[in-house]
Amino acid sequence: MFKNMIVYRIAPQWQVELTQVEDALAKAPFTECGATQEKSLGWVPPRGDAHGPLAESVGGQWILRFMVESKVLPGSVLARRVKEKAERIEQETGRKPGKKESKELKDEAKLDLLPMAFTKQGSMWIWIDTASRLLVLDTSSQGRADEVVTLLVESLPGLSVSLINTQTSPQAAMSHWLKEQEPPVGFTVDRECELKSASEEKSVVRYARHALDIEEVQAHIDAGKLPTKLAMTWDDRVSFMLTEGFQIKKVSFLDTVFEGTKADDGGFDTDVAIATGELVKLIPDLIEALGGEAESGVASAAQAVAAGGDSAPSSAPGSGSGLAAAVPAPPKGKDVAGRAITGPATAPVDTDPESAPF
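Colleague: Quick one: what's the story with the nonpolar core, residue by residue and with numbers?
Modeller: One finds Phe-2, Val-7 and Phe-240 to be the most contacted residues of the largest nonpolar core, which totals 43 residues. Here this core takes nine residues from helix H7 (residues 268-289), the largest share from any one element. Val-7 has contacts with Leu-134, Leu-135, Val-136, Leu-163, Ile-164, Phe-246, Ile-248 and Ile-283, leaving out every residue within four places of it along the chain. Grouped together as the second largest cluster of nonpolar side chains are 28 residues, Leu-54, Leu-64, Leu-135 and Val-149 included.

Colleague: Now, about the packing of aromatic side chains: what can you tell me, with residues and values included?
Modeller: Under the counting rule described, the total for this entry stands at four aromatic pairs. Both rings, one in Phe-2 and one in Trp-127, keep their centres 5.8 Å apart while their planes meet at 65°; by these two values the pair is edge-to-face. Here Phe-2 is found in the segment before strand E1 (6-10), whereas its partner Trp-127 is found in strand E5 (residues 118-129), with 125 residues between them in sequence. Both residues of the pair, Phe-2 and Trp-127, belong to the buried class. Geometrically, the ring pair formed by Phe-187 and Phe-240 is edge-to-face, given 6.3 Å between the ring centres and 85° between the ring planes. Within this pair, whereas Phe-187 is found in strand E8 (residues 187-197), its partner Phe-240 is found in strand E11 (residues 238-243), the two being separated by 53 residues in sequence. One exposure class covers both Phe-187 and Phe-240, and it is buried. The ring of Trp-125 has Arg-65 sitting right over it, with the charged end atom 4.4 Å from the ring centre.

Colleague: So, the pattern of salt bridges: which residues are in play, and what are the values?
Modeller: Overall, the coordinates contain 15 salt bridges when judged by the stated rule. Its salt-bridge partner being Lys-110, residue Glu-38 comes within 3.7 Å of it at the nearest N-O pair. Here Lys-110 lies in helix H3 (residues 99-113) and Glu-38 lies in the loop between helix H1 (18-25) and strand E2 (39-43), a separation of 72 residues in the sequence. A relative accessible area of 21% places Lys-110 in the partly exposed class. Measuring nitrogen to oxygen at the nearest pair gives 3.8 Å for the salt bridge that ties Arg-81 to Asp-112. Of this pair, Arg-81 sits in helix H2 (residues 75-93) while Asp-112 sits in helix H3; the two residues are 31 residues apart in sequence, bridging distant segments of the chain. The exposure class of Asp-112 is partly exposed, given its relative accessible area of 32%. Three or more residues joined by partner-sharing salt bridges are found here, namely Arg-81, Glu-84, Lys-85, Glu-108 and Asp-112.

About the cut-offs
- In every chain, residue numbers begin from 1 and rise along the written sequence.
- Thresholds applied to this predicted model are a pLDDT of at least 70 for local features of residues and 80 or more for the giving and counting of side-chain atom pairs; totals over whole chains, interfaces and linings are not thresholded and use all residues.
- Each side-chain value is derived from all of the structure's non-hydrogen atoms; neither hydrogens nor water enter the calculation.
- Put simply, buried Ala, Val, Leu, Ile, Met, Phe, Trp, Tyr and Cys residues joined by side-chain atoms within 4.5 Å make one nonpolar core.
- A 1.4 Å probe rolled over the protein chains alone gives each residue an accessible area, and that area as a share of the maximum for its type sets the label: buried under 20%, exposed over 50%, partly exposed in between.
- By definition, any uninterrupted DSSP run of H or I lasting at least four residues is a helix, any uninterrupted run of E lasting at least two residues is a strand, and each is numbered from the N terminus.
- In what follows, a contact means two residues having at least one pair of non-hydrogen atoms within 4.5 Å.
- Each pair of aromatic rings taken from Phe, Tyr and Trp, with Trp reduced to its six-membered ring, is defined by centres within 6.5 Å and is described as stacked if the planes are under 30 degrees apart, edge-to-face if over 60, and tilted in the remaining cases.
- To sit over a ring, a charge needs its Lys NZ or Arg CZ within 6 Å of the ring centre and within 35 degrees of the ring normal.
- A pairing counts as a salt bridge when a side-chain nitrogen of Lys or Arg comes within 4 Å of a carboxyl oxygen of Asp or Glu.

Written as structure tokens, this is what we have:
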């Protein structure tokens, strides 16, 4: 649970009960693909129990689970079926299908093959911490996170979010930590990183299971290579990989986290309690290590609420660059201070989308 994380900040005006979330998700439950359906998505019970709640609360932390099923239809198989149909038409009529007819043949061939196609499923954990106003998605793909966030914003009235944006970029901070050998308080630098050149050559240097406190790493940074990934450990409790886009990957809980627990202390509640109990402390410490959170639409909204401003409209976030591809919004979507709720200046890049759960 939560092996990869993309973190969003929830605007403070969103105040709902768990039952309201449950009712909203119940309108879009997951069902398996129909015979000629290419893709199906929706919400499933996090505990895995049939007909169980779609929104669970463990220690005040809300957990949701999103499921996707898609049909696997190889392009070569589809092309062969289209060719067979085209050849049959040519034999019967003496003419080759035109562009428009070829497109129709492709659609027909797809409908023919979909009932016989294999299916694959993938799921994504979603964690909502209402106290800290955090929305955390267990994925390493920004595109897949955008898809789920869009559905959440459409399903949950008044929900507005933005990607976490820090005063110091992760890339600049990682460069400093590696060059000066000064990790932030409470963190250690581990034995894996990736450095990329910003030049046209786009050269890449990767270190795995290798000491990073060496002159060679510093020389690469002096030569203009910038860190895109860096393995770190927080408080001797959680190891992870930080990326240039503030994605947290390869999350691993160390043995110290499980001290005092019994071997048979497993199950959904225990897993959630352990994961959220550690991560709810790691995330703010990591934000602080990056200079704190930069002001954004959501941050401005929080300040306005604290100052006694009017309540914000229950609209989706604006189409700012941080969430432009994910969350379409009414042009009038503003925060309580009159500013559009957006994400950071640049959304994180999908550096390893294939490692995402789906």
